[in-house]
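Architecture at a glance
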Amino acid sequence: MTWRSWLKIGLLLAPGLGLILIFIGSVVYIAIAQSFGYYNLAGESGFSLEYWAIMFDRATYSRAISYSLYVGTASAFLAVAFAYPLAIWLRRPFSGSLMISAILKAPLLVHGLVAAFLYINIISYHGILNQLMQWLGIWDGPHRLQNDRNAVGVLILQTWKNMPFALLLLAGAVQSISDDVLDAAADLGAGPWDRFRRVIAPLSVSATQAALVIIFIGALADFSFQVIAGPVNKQSLSQLMVFFKGYGRWNDAAVVAVTLMGLAIVGSGVLAVFSRFVMRGGRLK
Amino acid sequence: MDAVSVRNLTMKFDEFTAVRDVSFDVARGEFVTLLGPSGCGKTTLLNLISGFLQPTSGTIEIEGKNVIGVPPEQRNTAMCFQSYALFPHLTVADNLQFGLKQKKLPHAERKARLSDVASKIGLGPQLAKLPNQLSGGQQQRVALGRALVMRPNVILFDEPLSNLDAKLRESVRLEIRAIQREYKLAAIYVTHDQGEALAMSDRILIMKDGRIQQSGRPDRIYKAPESSFVADFIGGANILDATVIGQVGEKNWRLDTKMGELTAQSDTPPVAKELKICWRAEKAQFGSGDLNTVTADIAHRSFQGNYTDLFFTVDGALQRVQLGEEAGELSASITFHIRPEDIIFLEAIK
Ligand SMILES: Nc1ncnc2c1ncn2[C@@H]1O[C@H](COP(=O)(O)OP(=O)(O)OP(=O)(O)O)[C@@H](O)[C@H]1O
Ligand SMILES: [Mg+2]
C-alpha cells in the first residue's frame, strides 16, 4: 500500500479507534508508569523497581494472585459447564422452551451486589436454608455457611450470574448446527457423547472460547461478590488494590492493577488455546 | 431373512400423515428404488428406517431384529442425505472416515477403504479440502462416499445424484451398483428420476401421498401399471376414459373412448365397465392397421433427437405419439394404429 492509502485509512479510523486508544491507552499507561514509581502522588516521582520488588515479597500478594486465578478459572469453567447441556437441550424449540430460556437469562437482570446480598440472606446462620435443613431433619443445628473458606459462595454467585451469558453465546453456536449434521453423526455410529465430542464441541469452539475468556476476566477481578460472600481470610486482587488505594498507596495499587491486567491477558490466552485444543480433539488447527 | 422388513408403518406429524400403512421387504443384496413425486414421504420413510424419527405405528426389522426404539447409532444403516449434511469442520478425508473411526477400524483398513471410495467417486484430489471449498456436485459425492465407505447392512440413498451432470451421474450410478453388489448391501434408493429408477433397480416402489401405489420389477411397472398415476408417472402414458361395450373371444374387449372405438387384448378382464385405460406413446404404429386406427390433427411437435413427440388433443387432454424418421414427413395430421395388446386396463372410474 502507498503512504497515501495508509494516511487515508488512518484518518478514517482516527475518530473511533483513536479515541478508544487515547482513553484506554492513557489509563493503562498511567497504571504501568505508577507501578514503576512515576506519577507518585505522595512523594518523589522517578523510575524505581522498588514497588514491584517489595510486592513480590508480600505473602498477601501471591495469595491474592492464586486466589483470584482460582476464582476466575473455576467460575469460567463452571458457568460454561452448566450452560452447555442447557444450550443443547434448548437447541430445538419445544413447547415451553422459550419460557425456560427466558427464565434462565433472568440473572442477567439482577445486579451482582443485589444477588450477593440475597444469597447471604438465604444462607445466613438463621436464614431459610438453615431452617429448612433443620426442619427436614437433615441437620441437627444451624451451620455456618457464610464466607466459607473455599469461596464456594463466591463460585456459586459467579456461576449463577455468568451462566446465562455463557448460555447466550453457546446457544447461538449450537443452534447453528443443523439437525441433519447431527443425524448424520448418529447414523455413522456416534452416540450422544461422541456427537458432542466430535461435532458439537468443535463447531462451537469460538463461542466457548469467548464465554470462558470473558467470564474469566470478569471473575478474576471480582470485588463485590468477594466483599460480601467471600472468605474473610483471603483477599482477591481487586480487594488488595482497593486496600492499597484506601491508604493512598497509589504505586502499590498500580502494581496490583498491572498484575491484574497481565493475568487477564495471559490467562485469557491460555484458556483460549486450552479450550480450542481440548474441543477440537487434541488439535489446534 | 430380509435385510429390512417394514410392516404397517405410519408416521404422523400432528394432523398430517406423511407415511401411511406402508409395508415392504428388502432382501440382502437387493436394490430397491422409492419413486414418487415431491412431498410423498420418501425422505420421511428413510428417516424412519435410519431411526431419526419414531413411527406413530408399525414395525421395522433390520436383519430380523425389531429396531423400534433403537437409536440411529446402534442401527447398522448408513444414509446418504438429500441435504448432504457434511461436517463443516472436517476435511473431505475426515468426513469420509467419520464412521470408520467411530467403528474403531484399524488404521490400515481405514486408509484402504478411504482411497478406494475416493477414487471410485472421483474425489481423490479433493481429500484435503473443507466442504465449503467444494462444488455442489463434489459435496454430494462426499455425502455418497461417506455412506458407501461404511458398507452397512442397509444403505439408504436420498436422491444422491440430483446435483451431478448427466455424464457423471451415469458413471457414479455404475459405481454405486458395483459397490452395492460387491458387498451385498441392501439398498433403498430414493429418486424422482424415473429413468434412473428403471435403469438401476431390482425393484421399484412407487409412492404417492404416503402410500405405496405399486411395487415390482422395473419392466413390470412399465409394462403393466395398475393405476393411471403409475402409468403417467412412469413414462408418461396416454390415459383415456373407456366404457366396455363387449367381449370378443376370450381375451379381447371392445371399448368406447373419446378417441373412437378401440379393441384391447388383456389376460385379465377389466375391473369395471367404466374404467381408465392407457397406451404408450412409443407403441403407436405409423399408418393404418386392421384395428384401432386413429387419425388426428397435430397440435404441436417436439423434436427429441432420436425420435419426435407429436401431440394431439382428445377431448381437451393432450395425447402423445412417438415416431422416428417418419415424423418428418407429416405436416397437419397423423394416422396411426395401436395393437390391441398395447392397450392396458387401469383402475375403475369412480
Ligand atoms: N418434521 C416434520 N413436521 C411436519 N411435517 C413434515 C415433517 N417432515 C416432513 N413433513 C411433511 O411430510 C411430507 C413428506 O415429506 P418428505 O420429506 O418425506 O417428502 P419427500 O418425498 O422426500 O419429498 P422430496 O422429493 O421433495 O424430497 C411433506 O408434506 C412434508 O411437508
Ligand atoms: Mg426428500
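1. Brief notes about the side chain of A:Lys161
Residues and elements named next belong to chain A. Along the chain, Lys 161 falls in helix α7 (residues 152-175). Salt bridges are absent for the buried Lys 161, whose nearest opposite-charge side chain, Asp 222, sits at 11 Å. A polar contact is formed between the side chain of Lys 161 and the backbone oxygen of Val 110, at a distance of 2.7 Å. Among all residues touching Lys 161, those that are not within four sequence positions of it are Pro 107, Leu 108, Val 110, His 111, Gly 112 and Phe 225.

2. Thoughts on the coordination of the magnesium ion (ligand 2)
All names here are of chain B. Summarising the metal site, the magnesium ion (ligand 2) is bound by the protein donors Thr 43 (OG1) and Gln 82 (OE1), whose distances to it range over 1.9 to 2.4 Å. Residue Thr 43 is found in helix α1 (residues 42-50), and its partner Gln 82 is found in the loop between β6 (77-80) and α2 (92-102); the two are separated by 39 residues along the sequence. Residue Thr 43 is classed as partly exposed on the basis of its relative accessible area of 28%. You can call Gln 82 partly exposed: its relative accessible area is 38%.

3. Structural notes on the domain arrangement of chain A
Residues and elements named next belong to chain A. Parsing chain A into structural domains produces domain 1 (1-35) and domain 2 (50-279). A straight line from the C-alpha centre of domain 1 to that of domain 2 covers 32 Å. Counting residues at the interface gives five residues for domain 1 and eight residues for domain 2. Summed over both sides, the interface between domain 1 and domain 2 buries roughly 530 Å², with carbon and sulfur atoms accounting for 65% of that surface. Summed over the three residues of domain 1 that lose the most area to domain 2, namely Ala 31, Gln 34 and Ser 35, the buried surface amounts to 83% of that side. Linking domain 1 with domain 2 are zero salt bridges, by the criterion used here. Of the residues assigned to the side of domain 1 that touches domain 2, the class counts are three nonpolar, two polar and no charged.

4. With respect to unusual backbone geometry
Comment: phi is negative for the bulk of residues other than glycine, and the bulk of peptide bonds are trans. Residues and elements named next belong to chain B. Backbone geometry at Glu 63 places phi at a positive 50°, although glycine is not the residue there. Looking at the element boundaries, Glu 63 is found in the loop between β4 (57-62) and β5 (65-66). Positive phi, close to 60°, is recorded for Lys 104, a residue that is not glycine. In this fold, Lys 104 is placed in the loop between α2 and α3 (107-120).

5. Some details on empty space enclosed by the protein
Residue and element names in this part refer to chain B. Evaluation of the coordinates by the stated rule reveals one cavity of 30 Å³ or more. A volume near 60 Å³ is recorded for the largest cavity. Lining the largest cavity, in full, are Arg 113, Asp 116, Val 117, Leu 148, Val 149, Arg 151, Ile 179 and Tyr 183. Sorting elements by how many residues they give to the lining of the largest cavity places α3 first, with three residues. Of the residues in the lining of the largest cavity, the class split is five nonpolar, no polar and three charged.

6. Some remarks on a nonpolar patch on the surface
A surface patch of nonpolar side chains, amounting to about 790 Å² of accessible area, comprises A:Ile9, A:Leu13, A:Leu17, A:Leu19, A:Ile20, A:Leu21, A:Phe23 and A:Ile24. Among the secondary structure elements, A:Ile9 is positioned in helix α1 (residues 3-35).

7. Describing the layout of surface pockets
In this model, the largest pocket occupies a volume close to 610 Å³. As for the largest pocket, its lining consists of 22 residues, and the residues nearest its centre are B:Lys223, B:Ala224, B:Glu341, B:Ile343 and B:Ile344. Contributions of two or more residues to the lining of the largest pocket are made by α7 (218-223) and β21 (344-348) of chain B. Partitioning the lining of the largest pocket into residue classes produces ten nonpolar, three polar and nine charged. The residues that make up the lining of the largest pocket include at least three from each of domain 1 (4-223) and domain 2 (238-348) of chain B. Of the voids in this model, the second largest pocket is the one considered here, and its volume is about 470 Å³. Together, 23 residues line the second largest pocket, and A:Arg91, A:Arg92, A:Asp179, A:Leu182 and A:Asp183 are the ones closest to its centre. Listing elements by their share of the lining of the second largest pocket, those giving two or more residues are α8 (179-187) and α9 (192-203) of chain A together with α1 of chain B. Considering each element in turn, the lining of the second largest pocket owes the most residues, five residues, to α8(A). Tallied by class, residues from the lining of the second largest pocket come to ten nonpolar, five polar and eight charged.

Rules of the game
Residues numbered from 1 in each chain as written. Chains lettered and ligands numbered in written order. Predicted model: local features only at pLDDT ≥ 70, side-chain atom pairs only at ≥ 80, totals over all residues. Heavy atoms only, no water. Helix = DSSP H or I, 4+ residues; strand = E, 2+ residues; numbered from the N terminus. Buried < 20%, exposed > 50% of the residue type's maximum accessible area, 1.4 Å probe, protein only. Lys, Arg positive; Asp, Glu negative; His and termini not counted. Salt bridge = Lys/Arg side-chain N within 4 Å of Asp/Glu carboxyl O. Polar contact = N/O pair within 3.5 Å; in protein donor to acceptor, adjacent residues only side chain to side chain. Contact = heavy atoms within 4.5 Å. Donors = N, O, S within 2.8 Å, 3.2 Å for Na, K, Ca; no water. Domains from an automatic or database assignment. Buried area = accessible area lost by both parts, 1.4 Å probe. Nonpolar A, V, L, I, M, F, W, Y, C, P; charged D, E, K, R; others polar. 1 Å grid on protein atoms, 1.4 Å probe; cavity = no way out; pocket = protein on both sides within 12 Å on 5 of 7 lines; lining within 4 Å. Points joined across faces, edges and corners; volume = space filled by probe spheres on them. Patch = residues over 30% accessible without salt bridge, like charges linked within 9 Å, V, L, I, M, F, W, Y side chains within 5 Å. Areas by Shrake-Rupley, 256 points an atom, 1.4 Å probe, with all protein chains shown as cover.

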